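# Tertiary structure, described
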Amino acid sequence: MTTPKSLWTLPLLDFREAVVQRSSPGCGAAAAASADFGVALIMKGLKISNDKQPSVDRQRLLERAEQLLETLADHADGDMQAFEGYLEALRMPKDDETQREQRDQALGVATREVNRIPLVTAEACLDGLALSLDAQPLTEAYLQSDVIAGGMLLHSGLSAVLLNVDANLSALDGRSREQAARQRENLQQVADDYLQRLRALS
């Protein structure tokens, strides 16, 4: 199975099979896709509620959700592409000094990208969690479980994608490593707080 340009062109069963069979897509892409479905659940609650009783506030949240849906979909693909780029850099020849320098440069760029994508994915998940809290009181009672479940998927997606940050920290230099580790901890802490608030609503 060749690596697809976009995960979203695959039937769901093929996406699952690609996760099983290939090194990429991996946990970052799967986590981003799962979080994207979480946003879809939040949108479902808002959209059906808004269809029954149109509201400026609901419409504003739906626009936020639509943007997040696209962002997380892009990050799922971005994670897969970043890892493929890293593997390509690893496969570059290193027989002489020039080749080694080119390989090291390519690895540096690829390493920064495989660290960047999980962090921006986690930021998008955090935005989605905030959206779930905003959406819950504006959603019909019988749809609130969808909104809360969507928030929980976003929290689990965030927590899963941050495992990639943990795995890749050692490849960064001192200052970049400290920065990424601090950002990672802040994202998890805020997400855990949002989850606690979300659970209190269920």
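Residues numbered from 1 in each chain as written. Predicted model: local features only at pLDDT ≥ 70, side-chain atom pairs only at ≥ 80, totals over all residues. Heavy atoms only, no water.

All right, on to the layout of surface pockets then. Approximately 250 Å³ is the volume found for the largest pocket. Forming the boundary of the largest pocket are 18 residues, of which Asp79, Phe83, Val114, Asn164 and Asn168 lie nearest the centre. When residues of the lining of the largest pocket are traced back to their parent elements, those giving at least two are helix H2 (27-52), helix H3 (56-90), helix H4 (97-135) and helix H5 (144-168). Broken down by class, the residue content of the lining of the largest pocket amounts to ten nonpolar, seven polar and one charged. (1 Å grid on protein atoms, 1.4 Å probe; cavity = no way out; pocket = protein on both sides within 12 Å on 5 of 7 lines; lining within 4 Å. Points joined across faces, edges and corners; volume = space filled by probe spheres on them. Helix = DSSP H or I, 4+ residues; strand = E, 2+ residues; numbered from the N terminus. Nonpolar A, V, L, I, M, F, W, Y, C, P; charged D, E, K, R; others polar.)

With that settled, consider the state of the cysteines. Counted under the stated rule, the structure contains zero disulfides. Not part of a disulfide, Cys27 finds its nearest cysteine sulfur in Cys125, a span of 12 Å. Since its relative accessible area comes to 43%, Cys27 is described here as partly exposed. You can call Cys125 buried: its relative accessible area is 0%. (Disulfide = S-S within 2.5 Å. Buried < 20%, exposed > 50% of the residue type's maximum accessible area, 1.4 Å probe, protein only.)

Under the present numbering, the feature "domain: Cyclodeaminase/cyclohydrolase" (unreviewed entry) in UniProt falls on residues 21-183. For residues 21-183, the helix share is 83%, the strand share is 0%, and the end-to-end C-alpha distance is 32 Å. (UniProt positions renumbered as here; feature names shortened; annotations may be inferred.)

Mapped onto the elements of the fold, Gln136 is located in the loop between H4 and H5. The exposure class assigned to Gln136 is buried, which follows from its relative accessible area of 10%.

Our next topic: the packing of aromatic side chains. Per the stated rule, a full pass over the model turns up two aromatic pairs. Arranged with centres 6.3 Å apart and planes meeting at 55°, the rings of Trp8 and Phe37 form a pair that is tilted. With Trp8 in the segment before helix H1 (12-21) and Phe37 in helix H2, this residue pair connects regions lying 29 residues apart in the sequence. Of the residues examined, Trp8 reaches a relative accessible area of 34% and is grouped as partly exposed. (Phe/Tyr/Trp six-rings, centres within 6.5 Å; stacked < 30°, edge-to-face > 60°.)

Look at H4: 57 Å from first C-alpha to last across 39 residues, which is about the 57 Å you get at 1.5 Å a residue. Capping of H4 at its N-terminal end is provided by Asp96; its side-chain oxygen lies 3.1 Å from the backbone amide nitrogen of Thr98. (Expected span 1.5 Å × (residues − 1). Polar contact = N/O pair within 3.5 Å; in protein donor to acceptor, adjacent residues only side chain to side chain.)

Here we come to the side chain of Asn115. Topologically, Asn115 is positioned in helix H4. For Asn115, a relative accessible area of 4% puts it in the buried group. Setting aside chain neighbours within four positions, we find Asn115 in contact with Val165, Asn168, Leu169 and Leu172. (Contact = heavy atoms within 4.5 Å.)

Now for the packing of H5 against helix H6 (residues 174-201). Relative to each other, H5 and H6 sit at 160°, their axes nearing to 10 Å. The angle between H5 and H6 places the two elements in the roughly antiparallel class. Crossing of H5 against H6: the hand is left-handed. For the pair formed by H5 and H6, the contact residues are Ile148, Gly151, Met152, His155, Leu158, Ser159, Leu162, Val165 and Asp166 on the first element and Ala180, Arg184, Leu187, Gln188, Ala191, Asp192, Leu195, Leu198, Arg199 and Leu201 on the second. Of the residues assigned to the contact of H5 with H6, the class counts are eleven nonpolar, four polar and four charged. (Axes fitted to C-alpha atoms, helices over the stretch in contact; angles between N-to-C directions. Parallel < 35°, antiparallel > 145°, perpendicular 65-115°, else oblique. Left-handed = near helix turned anticlockwise from the far one by under 90°.)

Turning to the pattern of salt bridges, a few remarks are in order. In the structure shown here, the tally under the stated rule is nine salt bridges. The partner of Lys44 in a salt bridge is Asp146, with the nearest N and O atoms 3.9 Å apart. Residue Lys44 is found in helix H2, and its partner Asp146 is found in helix H5; the two are separated by 102 residues along the sequence. When its relative accessible area of 16% is taken as the criterion, Asp146 is described as buried. In this structure, the salt-bridge partner of Glu97 is Arg100, at a minimum N-O distance of 3.3 Å. Here Glu97 pairs with Arg100, and both are found in helix H4, just three residues apart, close to one helical turn. For Glu97, a relative accessible area of 47% puts it in the partly exposed group. One network of salt bridges, with partners in common, ties together Asp166, Arg184 and Glu185. (Salt bridge = Lys/Arg side-chain N within 4 Å of Asp/Glu carboxyl O.)

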